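Take a look at the letters that make up each chain.
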Amino acid sequence: MGFVILFVIIAIFAPWLAPQDPVETSWSAIRKSPSAAHWFGTDELGRDVLSRVMWGARASLLAGLVSVSISMALGVPIGLLAGYVGGWTDGIISRLTDSALALPFLILAIALAAFLGPSLMNAMIAIGVSATPIFIRLTRAQVLAVKVEDFVEAARAVGNPHWRIALRHVLPNVLPPLIVQSTLAIAAAIIAEASLSFLGLGQQPPAPSWGSMLNTAKNYVDNAPWMAIWPGLSIFLLVLSFNLVGDGLRDALDPRHK
Amino acid sequence: MLTYFLKRLAAVIPTVFFVTVMIFCLQQLLPGDPAVILAGEDQDQNTVAYLRQKMHLDEPLPVRYGYWISGVMRGDFGDSLRIQQPVRQLIQDKLPVTLELAALAMMIALLIGIPAGIVSAVAKDSAWDYLANIFALWGLSTPNFWLGILMILLFSVSLGWLPASGYVSPSEDLKANLLSMIMPAFVLGNAIAAVLMRHTRSAMLQVLNTDYVRTARAKGLKENKVVLKHALRNAIMPIITLGALEFGTLLSGAVLTEQVFSIPGFGKLIVDAVFNRDYAVVQGVVLFTSTIYIVLNLLADMAYFLVNPRLRG
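Here the structure is a predicted model, which is why all the values come from computation and not from measurement. (Residues numbered from 1 in each chain as written. Chains lettered and ligands numbered in written order. Predicted model: local features only at pLDDT ≥ 70, side-chain atom pairs only at ≥ 80, totals over all residues. Heavy atoms only, no water.)

K.L.:
Tell me about the packing of aromatic side chains, and please be specific about residues and values.
P.N.:
Residue and element names in this part refer to chain B. Taken as a whole and judged by the stated rule, the model has 13 aromatic pairs over all chains. The interplanar angle of 35 degrees and the centroid separation of 5.7 Å between the aromatic rings of Phe24 and Trp68 together place this pair among those described as tilted. Here Trp68 lies in helix H4 (residues 61–73) and Phe24 lies in helix H1 (residues 2–28), a separation of 44 residues in the sequence. Like Phe24, the residue Trp68 is buried in the burial classification. Members of the aromatic cluster, each reached through a chain of ring pairs, are Phe17, Phe18, Phe24, Tyr65 and Trp68. (Phe/Tyr/Trp six-rings, centres within 6.5 Å; stacked < 30°, edge-to-face > 60°. Helix = DSSP H or I, 4+ residues; strand = E, 2+ residues; numbered from the N terminus. Buried < 20%, exposed > 50% of the residue type's maximum accessible area, 1.4 Å probe, protein only.)

Here it is as structure tokens:
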């Protein structure tokens, strides 16, 4: 959790914390190894790697949060509808969800990002849409379990309308596993954004993103390895932190996982 | 048993149908008129009109889907605009490279993931268990393209043991082929090993607490026999099923690995197609990968049914 907070602080305060402008080039400082002037070294255009890593945290965290928000905004209502209404509605939504889950996540995200055009926003939309079926399936499964509970029967017996039962009685009770899943999905979305940026389909240069920094760094791995080490380490630490938070939340909310 | 297989097969049909609809709709997201794009810079009106007619662009959407899907069912995924070759041919050429990479990656994942999971479950809460869990977290949190760069840095740049990139066909030189594939295979298999390790641990922990394992121990059997013969045999099936499903994931993971190590496979084909705006190739590759994924899912389900006597009832 500490690392997540640290990265959030870095992302928010990057303009004040970063020692230099992340896009400012310097022909006299090309591929300089880490030093007092440039703690993480410089890249192929003489830009400060530490400053780019700090600004890159913005793109990664934004991608994680926005993508998962898109997935939840689409997936939770559809899953709630399928699980609560049942019948043909559920049948059609479930078949569509199965089909969407058959499309490999990264391939679908690449295809969507390619069709929408390369940019951070389109990458976030592509990742969000690609991850939506997971939230539909999870919400539906939880709703199916909750809607037969006594308190839902009671709410129905006192004459509550269906929309009220679904939103006020069922939805709050299916949220805990969705929160766990969203934390893990943020970790997956951060890797997916880095992957798309690595392929040139996410954040566009010269704006900094960890994935695009690694894409450039792979060409200089023999004479400027620091260009690859810091952005990769940042992705690893941030994703690890979200995975640990997700695991911790799951253990706390579901004792069977302990 | 036949009824189950038929039912399972029947359930696949709507899934495949919706997949084809989704992939067809993806192409409709494209900005601009495909006939104008295909006609090139001169954009001669007659050429554009001819292409529109040839590509059935004047027809309603469902009719165009009908033309497209009937071609797909005959194995015709269309032609690549850039390379001027049938997409089917391109897939046939690139698939063996990716399949070799995925098979080696799966072998590495099984060799690491299952033993690590067994040790972790048997020695629960020991140093080995913590070590295996740290390995799993590392595998799940490391972007494989970064791991690839780190491995190139260590094994190619610093030690000079392995080639940094490139691909040699096994029919040309088997040793050179294995040397060029070992790093990409490890990079690709790393995350799957972590997933397999976690599932093996969880399945083994469940089985190790069952009555028949306690009975086996009470009979005085050696611990390794109890673990390997009685516990693992019963825990292995869900793990193998998961392995089959993860094989589909490997195909998409290969996109990044092939990019890092410049391997001319399936993944590189889709990335090159994306940048060349060669949408027929993108569509063909997505459809092909999804179909493989669905078939693997089906086979895994059937295998699970076949070996599980309780399901056969």
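Still more to cover.
K.L.:
Before we move on, could you go through the domain arrangement of chain B and cite the residues and values that matter?
P.N.:
Residue and element names in this part refer to chain B. What the domain assignment reports for chain B is domain 1 (2–87) and domain 2 (96–312). One C-alpha centre belongs to domain 1, the other to domain 2; they are set 33 Å apart. In this assembly, 22 residues from domain 1 lie in contact with 18 residues from domain 2. Its largest share of buried area at the contact with domain 2, domain 1 owes to Phe5, Arg8 and Ile23, together 26% of the area lost on that side. Between domain 1 and domain 2 we count zero salt bridges in total. At the junction of domain 1 with domain 2, the criterion picks out one residue pair in polar contact (both at pLDDT 80 or more). Only H1 and H4 provide two or more residues apiece to the side of domain 1 that touches domain 2. (Domains from an automatic or database assignment. Contact = heavy atoms within 4.5 Å. Buried area = accessible area lost by both parts, 1.4 Å probe. Salt bridge = Lys/Arg side-chain N within 4 Å of Asp/Glu carboxyl O. Polar contact = N/O pair within 3.5 Å; in protein donor to acceptor, adjacent residues only side chain to side chain.)

K.L.:
So what's going on with the environment of Ala176 of chain B? Which residues, and what values?
P.N.:
Residue and element names in this part refer to chain B. Mapped onto the secondary structure, Ala176 falls in helix H8 (residues 174–208). Classification of Ala176 as partly exposed rests on a relative accessible area of 22%. When the C-alpha positions of Ala176 and Leu162 are compared, they lie 9.5 Å apart, and in sequence the two are 14 residues distant.

K.L.:
Got a sec to walk through the confidence of the model for chain A? Specific residues and values, please.
P.N.:
A residue-level look at chain A finds 98% of positions with pLDDT of 70 or above and a mean pLDDT of 89. Mean pLDDT across the elements of chain A ranges from a minimum in helix H5 (residues 105–116) of chain A, with 82, to a maximum in helix H3 (residues 49–85) of chain A, with 94. (pLDDT = per-residue confidence, 0-100.)

K.L.:
Which residues make up helix H6 (residues 127–141) of chain B, and what values go with them?
P.N.:
Across its 15 residues, H6 of chain B extends 21 Å between first and last C-alpha, which sits within 8% of the 21 Å expected from 1.5 Å per residue. Within H6 of chain B, the full set of buried residues consists of Asp129, Ala132, Ala136, Leu137, Gly139 and Ser141 of chain B. In this fold, the buried residues of H6 of chain B make contact with helix H8 (162–198) and helix H10 (226–253) of chain A together with helix H5 (87–122) and H8 of chain B. At the N-terminal end of H6 of chain B, a side-chain oxygen is found 3.2 Å from the backbone nitrogen of Trp128 of chain B, two or three residues along, and the residue is Ser126 of chain B. (Expected span 1.5 Å × (residues − 1).)

K.L.:
Account for the pattern of salt bridges, naming residues and giving values.
P.N.:
As enumerated under the stated definition, the model contains 14 salt bridges over all chains in all. Across the salt bridge formed by Asp247 of chain A and Arg198 of chain B, the nearest N and O atoms sit 2.8 Å from each other. Residue Asp247 of chain A is found in helix H10, and its partner Arg198 of chain B is found in helix H8; the two belong to separate chains. Accessibility expressed as a relative area gives 26% for Arg198 of chain B, which makes it partly exposed. Where Asp272 of chain B meets Lys268 of chain B, a salt bridge forms, and the shortest distance between an N and an O atom there is 3.6 Å. One end of the pair, Asp272 of chain B, and the other, Lys268 of chain B, are both in helix H11 (residues 266–275), four residues apart, so they sit about a helical turn from each other.

K.L.:
Go over helix H10 (residues 223–260) of chain B with me, naming the residues and quoting the values.
P.N.:
Residue and element names in this part refer to chain B. Between the first and last C-alpha of H10 there are merely 44 Å, a value that for 38 residues lags more than 12% behind the 56 Å anticipated at 1.5 Å per step. The sharpest bend along H10 reaches about 55 degrees and sits at Leu232. Two residues or fewer after H10 comes Ser262, characterised by a positive phi angle close to 50 degrees. (Bend = angle between axes of the 7 residues up to and from the residue.)

K.L.:
Talk me through the interface of chain B and chain A; I want residue IDs and the actual numbers.
P.N.:
Chain B puts 41 residues into the contact, and the matching count from chain A is 40 residues. Regarding the contact of chain B and chain A, the summed buried area is about 3,700 Å², with carbon and sulfur atoms giving 84% of it. Together, Phe145, Trp146 and Ile149 of chain B form the three largest contributors to the area buried by chain B at its contact with chain A, with a combined 16%. In this structure, the connection of chain B to chain A is made through four residue pairs in polar contact (both at pLDDT 80 or more). Where the side of chain B that touches chain A is concerned, the elements lending two or more residues are H1, H6, helix H7 (144–158), H10, H11 and helix H12 (279–307) of chain B. Tallied by class, the residues present in the side of chain B that touches chain A amount to 32 nonpolar, eight polar and one charged. (Nonpolar A, V, L, I, M, F, W, Y, C, P; charged D, E, K, R; others polar.)

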